[in-house]
Amino acid sequence: MKIRKDDTVIVIAGKDKGKTGKVLSAFPKESKVIVSGINTMKRHRKANRSGGKGQTVEVTLPIHVSNVSILDPQAKKATRVGRKVVGEKIVRVAKKSGTTL
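Conventions we followed
- Residues numbered from 1 in each chain as written.
- Predicted model: local features only at pLDDT ≥ 70, side-chain atom pairs only at ≥ 80, totals over all residues.
- Heavy atoms only, no water.
- Helix = DSSP H or I, 4+ residues; strand = E, 2+ residues; numbered from the N terminus.
- Buried < 20%, exposed > 50% of the residue type's maximum accessible area, 1.4 Å probe, protein only.
- Contact = heavy atoms within 4.5 Å.
- Areas by Shrake-Rupley, 256 points an atom, 1.4 Å probe, with all protein chains shown as cover.
- Lys, Arg positive; Asp, Glu negative; His and termini not counted.
- Charge placed at Lys NZ, Arg CZ, Asp CG, Glu CD.
- Polar contact = N/O pair within 3.5 Å; in protein donor to acceptor, adjacent residues only side chain to side chain.
- Pairing = 2+ DSSP bridges.
- Salt bridge = Lys/Arg side-chain N within 4 Å of Asp/Glu carboxyl O.

S.K.: Before we go on, may I ask you to explain the overall build of the protein chain in this structure?
M.R.: Along its length, the protein chain carries zero helices and ten strands. Going residue by residue from the N terminus, the α and β elements of the protein chain occur as β-β-β-β-β-β-β-β-β-β. Considering only C-alpha atoms, the protein chain reaches an extent of 65 × 30 × 20 Å along its principal axes. Counting across all 101 residues of the protein chain, residues that qualify as buried make up 27%. Put simply, 38% of the contacts in the protein chain that link residues at least 6 apart link residues at least 24 apart. Total accessible area on the protein chain is roughly 7300 Å²; 49% of this is exposed by carbon and sulfur atoms. Measuring between centres, the 24 positive side-chain charges of the protein chain sit 5 Å from its 7 negative side-chain charges.

S.K.: Sorry, what's going on with the environment of Ser69 here?
M.R.: Note on placement: Ser69 falls in strand β7 (residues 68–71). Expressed as a C-alpha distance, the spacing of Ser69 and Lys5, which sit 64 residues apart in the sequence, is 13 Å. Other than its neighbours up to four places away in sequence, Ser69 contacts Val9, Ile10, Ile12, Ala78 and Thr79. There is a polar contact of 3.0 Å between the side chain of Ser69 and the backbone oxygen of Thr79.

S.K.: I keep staring at the sheet that holds strand β3 (residues 32–35) and nothing clicks. Help me out?
M.R.: Sheets are built from strands that pair by backbone hydrogen bonding, the pairs being arranged parallel or antiparallel. Taken in spatial order, the six strands of this open sheet run β6-β3-β2-β1-β7-β8, and their pairing is antiparallel. This sheet does not close on itself; its edge strands, each paired only once, are β6 (63–64) and β8 (78–79).

S.K.: Just checking my understanding: could you explain the pattern of salt bridges for this structure?
M.R.: Two side chains carrying opposite charge are able to pair once their charged atoms lie near each other. Applying the stated criterion to the full structure yields two salt bridges. Of the charged contacts in the structure, one is a salt bridge between Arg92 and Asp7, with a shortest N-O distance of 2.9 Å. Residue Arg92 is located in strand β10 (residues 89–94), and its partner Asp7 is located in the segment before β1 (8–11); the two are separated by 85 residues in the primary sequence. Take Arg92 and Asp7: they sit in the same class, and that class is buried. With a shortest N-O distance of 3.2 Å, Asp16 and Lys19 are connected by a salt bridge. For Lys19, a relative accessible area of 41% translates into the label partly exposed.

S.K.: How should the environment of Phe27 be read in this particular structure?
M.R.: One can find Phe27 in strand β2 (residues 20–27). In contact with Phe27, other than residues within four places in its own chain, are Met1, Lys32 and Ile34.

S.K.: Would you mind going over the side chain of Thr99 with me for this structure?
M.R.: Within the secondary structure layout, Thr99 lies in the segment after β10. Among the residues examined, Thr99 registers a relative accessible area of 19% and is labelled buried. Here Ser97 takes part through its side chain, which lies 3.1 Å from a polar atom of the side chain of Thr99.

Structure below.
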């Protein structure tokens, strides 16, 4: 999986297509990521004590990795991720502009 935590991604498919956000967490085993402000759902919470009030909470759900793409820092468009050896380290680069991620 080439998308990691703190990457800026753009949604390329689904109900939130075209929106951008930051990856909050990644789940490589399930091939899913949680992106801030993307794929949100309202959950109704029951009151936790008698006489208390219940509430409606907005929860961010995971989205499949195939539905998001890395946002190129220069072009501000979706790009693929490549790898490049710089010195002794392997760094991730954007395929469109060649900038390091």
